Amino acid sequence: MATASIVPNAENPEKFTGDVKIGKPKTTAAGIPAVIFSARHILEEMNAARGLKALLKLNQKDGFDCPGCAWPDPDDERSSIAEYCENGAKAVAEEATSKKLTASFFAENSVADLAGLTDYEIGKKGRVAEPVYLPEGATHYQPISWDKAFKKIARHLNALSSPNEAIFYTSGRTSNEAAYLYQLFVREYGTNNMPDCSNMCHESSGVALGESLGIGKGSVTLDDFYMAEVIIILGQNPGTNHPRMLTALQKAKAKGATIIAVNPLHETGLLNFLNPQTVKGFLNIKTHLTDIFLQVKINGDLALIKALTLLLLQEEDKHPGTVFDAEFIAADTLGYAEYITHLRQQDLSQLAIDCGVPLEQIELAAKAIIHKKKIIACWAMGLTQHKNAVDTIKEVVNLLLLKGSIGKPGAGTCPVRGHSNVQGDRTVGIFEKPSEQLLNAIQKVYGFDPPREHGFDTVSAIKAMRDGKGKVFFAMGGNFLSATPDTEVTAQALRNCDLTIHVSTKLNRSHLVHGKEAIILPCFGRSDEDIINGEKQFVTCENSMGVIQMSRGNLKPVSGHLLSEPTIVCRLAQATLGSKSRVNWERYSQHYDHIREDIEKVIPGFNNYNERVRRPGGFYLPNGAREGRFETQTRKAHFNVADVTTQQLAPDECMMMTIRSHDQFNTTIYGLDDRYRGIYQERRVILMNIKDILAAGLQPGDIVDLYNEFGGTERVVHKFIVVEYNIPEKCTATYFPETNALVPLNSVADKSNTPTSKLVILKIKKST
Ligand SMILES: Nc1nc2c(c(=O)[nH]1)N[C@H]1C(S)=C(S)[C@@H](COP(=O)(O)OP(=O)(O)OC[C@H]3O[C@@H](n4cnc5c(=O)[nH]c(N)nc54)[C@H](O)[C@@H]3O)O[C@H]1N2
Ligand SMILES: Nc1nc2c(c(=O)[nH]1)N[C@H]1C(S)=C(S)[C@@H](COP(=O)(O)OP(=O)(O)OC[C@H]3O[C@@H](n4cnc5c(=O)[nH]c(N)nc54)[C@H](O)[C@@H]3O)O[C@H]1N2
Ligand code: SF4
Ligand SMILES: [Mo]
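Looking up the protein in an unreviewed UniProt entry gives the name FdhF/YdeP family oxidoreductase, with the organism given as Chitinophaga oryziterrae. Word for word, the UniProt comment on the protein under Sequence similarities (unreviewed entry) is "Belongs to the prokaryotic molybdopterin-containing oxidoreductase family."

Structure (structure tokens):
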């Protein structure tokens, strides 16, 4: 059986081609090329009829929710032919492919053979078409019936000395219905070990917003964008990761908003936009999006925001009552005086040095904000995946609070979520730290005692498996091995397990680095038609702005052996819990309306769920912060005081952020090009400032190895090509997941425990 070679190393996940082509970064996003690229991806994976059938229902009110990101659909006008972007089309192509992996594929290809492929090649293989099982010591996955698979898993789960030895991961594509049943099963089985992708994603936002504003979600709706005076976009690359956000920004600009972008890179999508769905776009008339671009150093954001609030304070001192919203601050917030005292101790020029942005530019940004009252702050992974992420996000909130820019139209917080239902999964109970309210509701409705002890999040789950405390690993979607930090450690952790199980649509590396035994359970994706007892079922999702909508796939599944995620959970629960269970799993599996009837009883905000979700466009969940109610313990919004910390670097060290290329969805690699950044045919690149390249005695095009020594352990990845790029000095960028092996498991954000994937200390040495 293959072992060591399976771990991504110099050759994996992406083989080093050495064949990089460097062009000029693009200055305009989308436009006609985007339309052409979408079509190409669709046609590579399926025939035109199937492709068209899928695209015509993508993001339509009677169609299915895009399996890409969590950006919301417009509440009102939707284009009837193309309410999606290039990356949405790629996500559909990836999922709705007509290629499939049957028993003969697994008989012909050993696990070791498959592990030798790149992630790109693995993704191109097609949908997993039937359940497969890898017995202990075997070299090939082999077919297994659904019944036998469930029995095997149940036997393992029931043999554990404690339910806390099992770990149940969730990725963010799972529907509300599946996620709700999954957490219910896991809790009735007896554990809160429910790590999810959110632990690596917006957990820091959840913690920061929960503590400061009383709700761990954003407060704005899409309409707020069109009323905003200023939109600040921090640590986010919407042109690639939330492309339809550009349409919202374009509309906001047309209505007079000023856009400020904060990013170490001049990301194309923040510069100019050609909307292929408008006449202007078609005629090549672009919209200039960002008015003020602040090129911060990696993790310079806390210092930058503080510099902005200090400049606002100076103006308020000069003209009292003209800058801050005194009435709002007095009525609705706590901690203002302490924050102002702290601010007065700050040194403006030091803050400018700390964030790496010239003071004149910060002053320009302050000027754009000073007399504005309707400000929206958007952010994503550039803020959340840092040691001080929670404090940085709270500093963004401080700015909004000073301006009274929360709880009113055109203003508020907008953490832009990643996976299409990551927010919904959390809403319906996927959380290793469940609230007492949730547990009490479960107890009341079902009559069993859910466990109260908090469970493992992603990082602690890896440690538990590494240390032999986690023995069965079950994943509802995702690609745990490649998405998590410290790849070698995670690989060993998974190998330590007795059994690893993945409910998946596509083959990925987590199926190839496995426990002693392993099972893959193939499921429907968003685009698949799901018919039970002759009736078409639908599921529901929550987007980044708290709208619950239905999603109904319309494509014939590639295989008759797939099950839906809700059905898989019901059958797993029946097999594992048997007659002990207090839940009527059979009823849930007969019609998803029954699941929603009970979600309504357990989760606040879902009243009349079945009726309201059938209305075109769905419904908004309640949101205190949006309505100006702060559901913190004090019933007030909280200012937060946090000092700026700067990274001390030795002369031969620099900082590395791991980012997404334009041709991937997380660990799914669609292609090897990063079109907007002008990098083609090779993912093993490191973007560096020319001064750093020369100071290290290197030249662009050199091949280097990357080292991290956090905690006294040496981590290394080999063969990366040095690319000269417009990035601040001492800052570098590489693609996720190739460099996850360098992200230390123990380097995490305070409070949220999110791996610090945007700041890894690096040493760079020429490859020998
Ligand atoms: N096509 C596509 N869409 C996606 C995804 C995908 O992989 N592909 N992934 C989905 C998921 S799960 C998520 S979470 C989102 C991710 O969406 P993003 O957060 O936009 O994704 P990243 O590539 O991680 O980009 C982070 C951005 O932050 C910047 N950055 C890094 N460090 C810092 C910093 O210290 N300060 C500041 N100000 N900026 C910084 C980087 O230059 C980059 O522009 O996208 C979702 N949508
Ligand atoms: N270094 C570094 N690491 C990171 C990040 C980073 O920026 N830098 N970002 C982090 C973030 S923000 C996130 S969200 C995580 C992502 O972590 P994950 O969510 O675990 O990873 P994905 O790559 O999104 O998972 C892709 C797999 O999900 C399965 N899948 C797709 N659709 C479905 C479906 O409908 N149902 C089921 N059951 N399975 C499906 C397919 O088999 C596919 O191979 O990665 C994190 N890791
Ligand atoms: S913006 Fe996101 S949700 Fe919308 S079509 Fe594109 S990938 Fe899909
Ligand atoms: Mo994410």
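Turning to the site of ligand 1, a few remarks are in order. Lining the immediate surroundings of ligand 1 are 31 residues, of which Glu267, Asn299, Asp301, Gln664 and Asn666 lie closest. At a separation of 2.8 Å, an oxygen atom of ligand 1 approaches a polar backbone atom of asparagine 237. The separation between a nitrogen atom of ligand 1 and a polar main-chain atom of asparagine 241 is 2.8 Å. Contact with the protein chains hides 99% of the accessible area of ligand 1, taken as 910 Å² for the molecule alone. Listed by contribution, the elements that provide at least two residues to the shell around ligand 1 are helix H11 (238-241), helix H20 (381-384), strand E25 (653-659) and strand E26 (664-665). Its residues assigned to classes, the shell around ligand 1 shows 12 nonpolar, 15 polar and four charged.

On to the site of ligand 3. Surrounding ligand 3, one finds Asn59, Cys66, Cys69, Trp71, Tyr84, Cys85, Gly88, Pro243 and Arg244. Among the residues making up the shell around ligand 3, the classes are represented as six nonpolar, two polar and one charged.

Further remarks concern the UniProt feature "domain: Molybdopterin dinucleotide-binding" (unreviewed entry) in the protein. Sequence positions flagged by UniProt for "domain: Molybdopterin dinucleotide-binding" (unreviewed entry) are, in local numbering, residues 656-758. Secondary structure within residues 656-758 divides into 6% helix and 34% strand; the distance between the first and last C-alpha atoms comes to 7 Å.

Let us look at the sheet that holds strand E30 (residues 703-708). The strand order around the closed barrel formed by six strands is E25-E32-E29-E31-E30-E33, and the pairing between neighbours is mixed. Each neighbouring strand pair of the sheet contributes to a mean axis angle of 45 degrees, computed without reference to strand direction. When E30 meets strand E31 (residues 715-724), the two strands line up antiparallel, connected through five bridges. The residue bridging tyrosine 707 from the neighbouring strand is valine 716, located in E31.

Turning to unusual backbone geometry, a few remarks are in order. The residue after phenylalanine 736, namely proline 737, is reached through a cis peptide bond having omega 5 degrees. For glutamine 681, which is not glycine, the phi dihedral falls at a positive 70 degrees. Here glutamine 681 shows up in the loop between strand E28 (679-680) and strand E29 (685-688).

Moving on: the packing of helix H23 (residues 436-446) against helix H29 (residues 592-602). Interaxial distance between H23 and H29 falls to 9 Å at its minimum, and their mutual angle equals 125 degrees. Judged by the angle between their axes, H23 and H29 are oblique. For the pair H23 and H29, contact is made by Leu438, Ala441, Ile442, Val445 and Tyr446 and by Asp598, Lys601 and Val602, respectively. Its residues assigned to classes, the contact of H23 with H29 shows six nonpolar, no polar and two charged.

Moving on, we get to the nonpolar core. Note that soluble globular proteins tend to have their nonpolar side chains buried in a common cluster. Grouped together as the largest cluster of nonpolar side chains are 60 residues, with contacts concentrated most on Phe168, Tyr180, Phe185, Leu521 and Trp585. In this structure tyrosine 180 touches Val428, Tyr446, Ile595, Asp598, Ile599, Val602 and Ile603, once residues within four positions along its chain are discounted. Listed in part, the 57 residues of the second largest apolar core include Leu308, Leu313, Trp379 and Val396.

A few words on the packing of aromatic side chains. Describing an aromatic ring pair means giving the distance of the ring centres and the angle of the ring planes. Here the structure, examined in full by the defined rule, presents 22 aromatic pairs. Aromatic pair phenylalanine 168 and phenylalanine 474: ring centres 6.0 Å apart, planes at 40 degrees, arrangement tilted. Separated by 306 residues along the polypeptide, phenylalanine 168 in strand E7 (residues 166-170) and phenylalanine 474 in strand E16 (residues 472-476) bring together distant segments of the chain. Taken as a pair, phenylalanine 168 and phenylalanine 474 share a single burial class, namely buried. Taken together, a centroid distance of 4.7 Å and an interplanar angle of 50 degrees make the contact between phenylalanine 473 and phenylalanine 480 tilted.

Of the residues in the protein, 96% have a pLDDT of 70 or more, and the chain-wide mean is 94. Throughout residues 1-11 the model reports pLDDT below 50, and contacts reaching past four residues in sequence, or to other chains, amount to 26 contacts.

Turning our eyes to something else, we now look at the packing of helix H15 (residues 301-318) against helix H21 (residues 389-402). To characterise two packed helices, one gives the angle between the axes of the helices and the distance between these axes. Interhelical geometry of H15 versus H21 gives an angle of 20 degrees and a closest axis separation of 9 Å. Here H15 is positioned roughly parallel relative to H21, judged by the angle of their axes. Of the two possible hands of crossing, H15 and H21 adopt the one that is left-handed. Mapping the contact onto sequence places Asp301, Leu302, Ile305, Lys306, Thr309 and Leu312 in H15 and Asp391, Thr392, Glu395, Val396, Leu399 and Leu402 in H21.

For the rest of this paragraph, the subject is the sheet that holds strand E23 (residues 619-620). Here three strands make up an open sheet; going across it, the order is E21-E22-E23 and the pairing antiparallel. The open sheet is flanked by strand E21 (539-542) and E23, the only strands paired with a single partner. Packed on one face of the sheet, helix H8 (residues 176-189) meets E21 and strand E22 (547-551) and runs near 90 degrees to E21.

Let us look at the pattern of salt bridges. In total, this model carries 46 salt bridges according to the counting rule given. Aspartate 598 is the partner of lysine 601 in a salt bridge, and the nearest nitrogen-oxygen pair spans 2.8 Å. Taken together, the residues lysine 601 and aspartate 598, both in helix H29 and three residues apart, mark about one turn of the helix. Given a relative accessible area of 54%, lysine 601 falls into the exposed group. A cluster of three or more residues bridged by salt bridges with shared partners is formed by Glu86, Lys90, Asp663 and Arg675.

Further remarks concern the domain arrangement of the protein. Considered domain by domain, the protein is made up of domain 1 (2-28 + 648-766), domain 2 (100-197 + 421-590) and domain 3 (203-415). Put simply, the middle of domain 1 and the middle of domain 2, counted by C-alpha atoms, are 30 Å apart. In this complex, domain 1 contributes 27 residues to the contact, which on the side of domain 2 involves 31 residues. Taking both partners together, domain 1 and domain 2 bury about 2,400 Å²; carbon and sulfur atoms supply 57% of that area. At the junction of domain 1 and domain 2, the tally comes to one salt bridge. Taking the shortest distance from any N to any O, the salt bridge between aspartate 486 and arginine 715 comes out at 2.7 Å.

What follows is about the pairing of E29. Side chains of E29 alternate between two faces, with Val685 and Leu687 and Ile686 and Met688 buried alike. Pairing analysis gives four bridges linking E29 to E31, with the strands arranged parallel. In the sheet register, leucine 687 faces E31, and the bridge partner there is valine 723. Bridge count for E29 against strand E32 (residues 731-735) is two bridges, and the pairing is antiparallel. Pairing of leucine 687 across the sheet is with alanine 733, part of E32.

Okay, the environment of aspartate 73 next. If you trace the backbone, aspartate 73 turns up in the loop between helix H2 (48-57) and helix H3 (86-96). Separated by 474 residues in the primary sequence, aspartate 73 and valine 547 have C-alpha atoms spaced 9.2 Å apart. Side chain to side chain, aspartate 73 and arginine 244 meet in a polar contact 2.8 Å long.

Taken together, the buried positions of helix H26 (residues 487-496) are occupied by Thr487, Thr490, Ala491, Ala493 and Leu494. Looking straight down H26, one finds that the buried residues subtend no more than 160 degrees of arc, so they occupy a single side.

Now for helix H7 (residues 146-159). Taking 1.5 Å of rise per residue, 14 residues should cover 20 Å, and H7 covers 20 Å from first to last C-alpha, within 8% of that figure. Of all the residues in H7, the buried ones are Trp146, Ala149, Phe150, Lys152, Ile153, Ala154, His156 and Leu157.

So, how was this worked out
Residues numbered from 1 in each chain as written. Chains lettered and ligands numbered in written order. Predicted model: local features only at pLDDT ≥ 70, side-chain atom pairs only at ≥ 80, totals over all residues. Heavy atoms only, no water. UniProt positions renumbered as here; feature names shortened; annotations may be inferred. Near = heavy atom within 4 Å. Polar contact = N/O pair within 3.5 Å; in protein donor to acceptor, adjacent residues only side chain to side chain. Areas by Shrake-Rupley, 256 points an atom, 1.4 Å probe, with all protein chains shown as cover. Helix = DSSP H or I, 4+ residues; strand = E, 2+ residues; numbered from the N terminus. Nonpolar A, V, L, I, M, F, W, Y, C, P; charged D, E, K, R; others polar. Pairing = 2+ DSSP bridges. Axes fitted to C-alpha atoms, helices over the stretch in contact; angles between N-to-C directions. Parallel < 35°, antiparallel > 145°, perpendicular 65-115°, else oblique. Contact = heavy atoms within 4.5 Å. Core = buried A, V, L, I, M, F, W, Y, C linked by side-chain atoms within 4.5 Å. Buried < 20%, exposed > 50% of the residue type's maximum accessible area, 1.4 Å probe, protein only. Phe/Tyr/Trp six-rings, centres within 6.5 Å; stacked < 30°, edge-to-face > 60°. pLDDT = per-residue confidence, 0-100. Left-handed = near helix turned anticlockwise from the far one by under 90°. Salt bridge = Lys/Arg side-chain N within 4 Å of Asp/Glu carboxyl O. Domains from an automatic or database assignment. Buried area = accessible area lost by both parts, 1.4 Å probe. Arc of directions from axis to C-beta. Expected span 1.5 Å × (residues − 1).

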